[in-house]
Amino acid sequence: MKAAVLHDFKTPLRFEEVERPKAGAGEVVIRVEACGACHSDAHVADGDWPQLDRIVKKPLILGHEIAGTVADIGDGVAEVRIGDRVGVPWIYWSCGECEFCMSGDEVLCSKQKITGVAVDGGYAEYVKAPATHATKIPDGLPAVDAAPLFCAGVTVYRALKKANIRRGERLAIF
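A. Summary view of the nonpolar core. Counting residues in hydrophobic clusters, the biggest one holds 19 residues, and the most contacted among them are Val44, Val56, Leu60, Ile61 and Leu62. The set of elements that each furnish at least two residues to this core consists of β1 (2–6), α1 (39–46) and β4 (60–61). Residues contacting Leu62, with those up to four places away along its chain left out, are Ala4, Leu13, Asp41, Val44, Ala45, Gly116, Gly121, Gly122 and Tyr123. In terms of nonpolar packing, the next biggest core, distinct from the first, is built from 15 residues, Val77, Tyr92, Val127 and Ala134 among them.

B. Layout of a nonpolar patch on the surface. Residues Val156, Leu160, Ile165 and Leu171 make up a contiguous nonpolar surface patch of roughly 280 Å² in combined accessible area. Along the chain, the position of Leu160 falls in helix α5 (residues 152–163). With relative accessibility at 34%, the residue Leu160 sits in the partly exposed group.

C. Inspection of the environment of Ala25 at higher detail. The residue Ala25 is located in the loop between β2 (14–17) and β3 (27–35) in this model. Residues Ala25 and Val70, spaced 45 residues apart in sequence, show a C-alpha to C-alpha distance of 15 Å.

Rules used in this analysis
Residues numbered from 1 in each chain as written. Predicted model: local features only at pLDDT ≥ 70, side-chain atom pairs only at ≥ 80, totals over all residues. Heavy atoms only, no water. Core = buried A, V, L, I, M, F, W, Y, C linked by side-chain atoms within 4.5 Å. Buried < 20%, exposed > 50% of the residue type's maximum accessible area, 1.4 Å probe, protein only. Helix = DSSP H or I, 4+ residues; strand = E, 2+ residues; numbered from the N terminus. Contact = heavy atoms within 4.5 Å. Patch = residues over 30% accessible without salt bridge, like charges linked within 9 Å, V, L, I, M, F, W, Y side chains within 5 Å. Areas by Shrake-Rupley, 256 points an atom, 1.4 Å probe, with all protein chains shown as cover. Salt bridge = Lys/Arg side-chain N within 4 Å of Asp/Glu carboxyl O.

Right under this line is the structure:
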């Protein structure tokens, strides 16, 4: 399959032929229909975030705003079926067992894996993801519109939910 691959920080991505991912137990392979170009991808590629440097996989396929169609499923997958439309966000996987995951703060999970950072992302024809973290996309929502919701959209939604905004109150989103 074709993919845009990062080999070293501060170097251009290279379009290459790489092996198509295979679904292992509990995983799905998704045919990528759209993947957003988040500014976070540029920060990762440039090595701007030293706190992430130790977990950045190299070579790496960037991209964490992914929307596509399930092309293959691994053993034990019951959440989705081949042909389902799904998306993959920044959080590729979280343990689901620590105090942060149990309280809805999986973004703080110390065991989490980040899409397009610790594992290959969506700047490719196909991407592999845990079925538990592949979110279904409603019919009628185009992939190109759905993809950015898996980063910017989730970020705003989480902030609004945590803020407990009530009718009549004001808020600012920037």
